[in-house]
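Structural description and commentary
For reference, the chains in residue letters:
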Amino acid sequence: MSTVARRIIQIIEPEPVLEGAGVRLKRSIGTPTLDYLDPFLLFDDFTSSHRADYEAGFPLHPHRGIDTVTYVLEGEVRHKDTLGNAGSITAGEIQWMTAGRGIMHEEMPQVRPEGIVGFQLWVNLPAKLKMTRPRYQDIRSGEIREITRENGARIRVITGTVDGITGPVTGIAADPTYLDVFIPPHLSFTHPIERGHTAFAYVFAGEARFQDAEGANDPLVSHPHLVVFGDGDSVEVTTGTSSARLLLVSGLPLGEPIARYGPFVMNTKQEIEQTLLELRQGTFVTT
Ligand code: MN
């Protein structure tokens, strides 16, 4: 049986967006260009070295029906919710939060000399889990195994499996892969991704080539760009004179209808209206 490398179907230029209380970020999923990449609803890059871009943060706001995944590489994001959970996401750490039936929280990037480097991904929950109990997976940097291959490629495995190493984030409905991959110059990196799963790469440093739709003249994708892949068995990344660092993410599409309103993603408009009613009545967060 032959294996098929996944080819580029779209290269997304991140769009500048003002979010929260005035955070300037770059959005690649959840825009008019790419509204939904089932099961991924949103992908934001809030990296900045200018405090005015991020210090306003994301004051108290609700979520329902989704997972929010916050990965920080420099700086710190402090968070707390109305259930009494609080903590800090610092360099190399990830928070995989299943909002389920409801979380009301704040996420505040801290002003630091190094600024902030970080990403937030929203993963949809299947209808049967939208009202599940909220769950946090706070992963410290030391819990994320970093694989260093002989050729110098380094892979941090957050969820999914590489070289027999399985990441610490578990039990997510979308069966996701989330890898942070560094590839030195003049190298190739291949990762198998199950057929039928949605896959994308977000190049956030350097540049890399991916298989072109026609299989020839593979384009060099510079940072920051998001590459959406068609179906196949694996993703192949090749570097030229520059190294590349990218997030490689995949997940099982749900194929369910979505009704989306800001931080709430449900299946029907009626469920959104019910959510807004609960917010007005003060019954949104029940535990
Ligand atoms: Mn949030």
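Report on the accompanying structure. (Residues numbered from 1 in each chain as written. Predicted model: local features only at pLDDT ≥ 70, side-chain atom pairs only at ≥ 80, totals over all residues. Heavy atoms only, no water.)

Topic: the overall build of the protein
Counting its regular elements, the protein contains 2 helices and 25 strands. Taking 2.2 N^0.38 as the reference for a compact globule, 287 residues should give roughly 19 Å; the C-alpha atoms of the protein span a radius of gyration of 19 Å, in line with that estimate. Counting only C-alpha atoms and orienting by the principal axes, one finds that the protein spans roughly 60 × 45 × 35 Å. Burial statistics for the protein: of 287 residues in total, 52% are counted as buried. (Helix = DSSP H or I, 4+ residues; strand = E, 2+ residues; numbered from the N terminus. Rg over C-alpha atoms; globule rule 2.2 N^0.38 Å. Buried < 20%, exposed > 50% of the residue type's maximum accessible area, 1.4 Å probe, protein only.)

A few points about the environment of E76
By secondary structure assignment, the location of E76 is in strand β7 (residues 76–81). In the structure, E76 is positioned 57 residues away from R133 in sequence and 27 Å away in space, judged by C-alpha atoms. Not counting residues within four places of it along the chain, the set of residues in contact with E76 comprises S88, I89, T90, M108, P109, Q110, R112 and I116. In terms of polar contacts, E76 uses its side chain to reach the side chain of R78, at 3.1 Å. (Contact = heavy atoms within 4.5 Å. Polar contact = N/O pair within 3.5 Å; in protein donor to acceptor, adjacent residues only side chain to side chain.)

As for the coordination of the manganese ion
Surrounding the manganese ion are the protein donor atoms H61 (NE2), H63 (NE2), H105 (NE2) and E107 (OE), at 2.1 to 2.2 Å. Mapping the donors of the manganese ion onto the primary sequence yields the spacing H-x1-H-x41-H-x1-E. Residue E107 is classed as buried on the basis of its relative accessible area, which comes to 7%. (Donors = N, O, S within 2.8 Å, 3.2 Å for Na, K, Ca; no water.)

Structural notes on the sheet that holds β7
The strand order across the open sheet built from 4 strands is β5-β10-β7-β8, with neighbouring strands paired in antiparallel fashion. The sheet is open, and its two borders are formed by β5 (58–63) and β8 (86–90), each paired with just one other strand. In this sheet, neighbouring strand axes are inclined to one another by 25° on average, regardless of whether the strands run parallel or antiparallel. (Pairing = 2+ DSSP bridges. Axes fitted to C-alpha atoms, helices over the stretch in contact; angles between N-to-C directions.)

Details of the pairing of strand β6 (residues 66–74)
Look at any regular strand and the pattern is simple: side chains alternate between the two faces of the sheet. In terms of burial, β6 is largely enclosed, as 8 of its 9 residues are buried. Two strands pair when backbone bridges link them, and β6 and strand β9 (residues 93–98) are joined in this way by 6 bridges, in the antiparallel orientation. Following the sheet pairing, Y71 is matched in β9 by I94.

Points about the layout of surface pockets
Considering only enclosed or pocket space, the largest pocket measures out at about 420 Å³ in volume. Residue lining of the largest pocket: 21 residues in total, with E19, R27, L42, D44 and W122 positioned closest to the centre. Going through the elements one at a time, β3 (23–29), β4 (40–45), β5 and β11 (117–124) are the ones with two or more residues in the lining of the largest pocket. In terms of residue class, the lining of the largest pocket is built from 8 nonpolar, 7 polar and 6 charged. (1 Å grid on protein atoms, 1.4 Å probe; cavity = no way out; pocket = protein on both sides within 12 Å on 5 of 7 lines; lining within 4 Å. Points joined across faces, edges and corners; volume = space filled by probe spheres on them. Nonpolar A, V, L, I, M, F, W, Y, C, P; charged D, E, K, R; others polar.)

Some thoughts on the pairing of β8
When β7 meets β8, the two strands line up antiparallel, connected through 5 bridges. Paired with H79 across the strands is G87, a residue of β8.

Comments concerning the sheet that holds β4
Here 7 strands make up an open sheet; going across it, the order is β2-β3-β4-β11-β6-β9-β12 and the pairing antiparallel. The open sheet has two edge strands with one neighbour each: β2 (15–19) and β12 (135–139). Averaged over neighbouring strand pairs, the angle between their axes works out to 20° when direction is ignored. The pairing of β4 with β11 spans 5 bridges and is antiparallel.

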